[in-house]
Amino acid sequence: MGYKHKDLLGLSGLSKAEILHFLDCADEFKALNNQEIKKSDYLRGKTTINAFFENSTRTRTSFEIAAKRLGADAVNFSASSSSVNKGETLIDTIKNMAAMKSDIIVLRHPNSGAALLAAQNTDACIVNAGDGMNEHPSQALLDLYTIRENGKSLDKNTSVAIIGDIARSRVARSNIWAMKNFNMDVRLFGPAMMLPKDIDVFGCKVAKNMDEACEGADVIMMLRIQLERGDADVAFPSSREYCKFFGLNKYRANLAKPDAIILHPGPINRGIELNSDVADSNRSVILNQVENGVAIRMAILSTLIKNRG
Ligand code: NCD
């Protein structure tokens, strides 16, 4: 059945088949990425613009690599050096980019809902590369891809612990929407002030402490503290204390299943949410996530271009 929409704004509301479409499609691109000549022409003659109004290392680079491997002309735009600083609105910026006949605009923005607003105001395809605390669909797709690739089923038999600053994490939200859709067994844990006030809407278990969160898990997904989303309510006492009560160390990782895998969307703050002995252990699939991110983004770009005709 595939994915038939103009944009990819989030995973909330997508069907299982739509999500699986991207994962299955990424298999082909992962194989291509492992060849010596990593090129195809799905996007030949097309133009993509990465419009990033927030910092990024992995997401922006991998969308650029993905577009180039598909044969597109990929342009990067960063807000810090643009006319946004002269007072231009998001809608005007997007309309100007579309006027240059760009086919896809990959947008990262600090405000939740920015991707939807952009999508409603242009014919270009919009890919949400992270909007505020709301959604980060390409990240969750690459996470699901990595989980499946490591032999874990996308169903109730797989227990996932998502740990950290869940309230401010768009990565957590996109993953939770998709994982609950697949009926996966999701438990959440983090400092009380970093759990969303409406946590019940997710329908996930909430662990009482780190040991309980990790015990018997197949997948542990650690999250960074999103200090840049500045929210005085969510301040925490000290990194040392955070690490003690909410950080993943070897002892806690060993409470998970023997073949459990550790995920982190990056950037890692070593010694705060994740200790180096875990981040660099053979249970960590963090660099596999990064590798898979290129294939997933190729799947997204090629699907949207196909829909555009
Ligand atoms: C995440 C983001 O920007 O939401 N990073 C990413 O895209 N890999 C998570 C984070 O910044 O902590």
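First, a word on scope: everything that follows refers to the structure included in this document. All figures in this text were calculated on a predicted structure; none of them were measured in a lab.

This part takes up the side chain of Thr303. When you line up the elements, Thr303 lands in helix α11 (residues 286-308). Setting aside its immediate chain neighbours within four residues, Thr303 contacts Tyr3, His21, Phe22 and Cys25.

With respect to burial, strand β1 (residues 47-52) is a largely interior element, five of its six residues being buried. Note: β1 against strand β2 (residues 73-78), six bridges, orientation parallel. Pairing of Thr48 across the sheet is with Ala74, part of β2. Handedness of the β1-helix α2 (residues 58-69)-β2 crossover: right-handed. The pairing of β1 with strand β3 (residues 104-109) spans five bridges and is classified as parallel. Bridge pairing in β3 places Ile49 opposite Ile105.

One finds Leu141, Ile162, Met179, Met184, Leu188 and Leu301 to be the most contacted residues of the largest nonpolar core, which totals 62 residues. No other element matches α11, which puts nine residues into this core. Taken domain by domain, the makeup of this core includes at least three residues from each of domain 1 (16-135 + 290-308) and domain 2 (151-284). Once residues within four sequence positions are removed from consideration, Met179 is found in contact with Leu144, Ile147, Val160, Ile162, Met184, Val186 and Met221. If you look at the next biggest cluster of nonpolar residues, it comprises 24 residues, including Ile220, Ala253, Ile262 and Ile286.

In this section: the environment of Thr93. You can see Thr93 is positioned in helix α3 (residues 90-99). Thr93 sits 157 residues away from Lys250 along the chain, and the two C-alpha atoms are 47 Å apart. Ignoring sequence-local partners within four residues, the contact set of Thr93 consists of Phe53, Phe77, Val84 and Glu88.

Right, let's get into the site of the ligand. Neighbouring the ligand are the residues Arg58, Thr59, Arg108, His136, Gln139, Arg170, Val171, Arg224, Gln226, Pro265, Gly266 and Pro267. At a separation of 2.7 Å, an oxygen atom of the ligand approaches a polar side-chain atom of His136. Within the side chain of Arg224, one N or O atom sits 2.7 Å away from an oxygen atom of the ligand. Across the complex, the protein chains shield 94% of the 320 Å² of accessible surface that the ligand would expose by itself. Only α2 and α6 (170-181) provide two or more residues apiece to the shell around the ligand.

Reading the values: rules and limits
- Residues numbered from 1 in each chain as written.
- Predicted model: local features only at pLDDT ≥ 70, side-chain atom pairs only at ≥ 80, totals over all residues.
- Heavy atoms only, no water.
- Helix = DSSP H or I, 4+ residues; strand = E, 2+ residues; numbered from the N terminus.
- Contact = heavy atoms within 4.5 Å.
- Buried < 20%, exposed > 50% of the residue type's maximum accessible area, 1.4 Å probe, protein only.
- Pairing = 2+ DSSP bridges.
- Right-handed = clockwise from strand over helix to strand, strands pointing away.
- Core = buried A, V, L, I, M, F, W, Y, C linked by side-chain atoms within 4.5 Å.
- Domains from an automatic or database assignment.
- Near = heavy atom within 4 Å.
- Polar contact = N/O pair within 3.5 Å; in protein donor to acceptor, adjacent residues only side chain to side chain.
- Areas by Shrake-Rupley, 256 points an atom, 1.4 Å probe, with all protein chains shown as cover.

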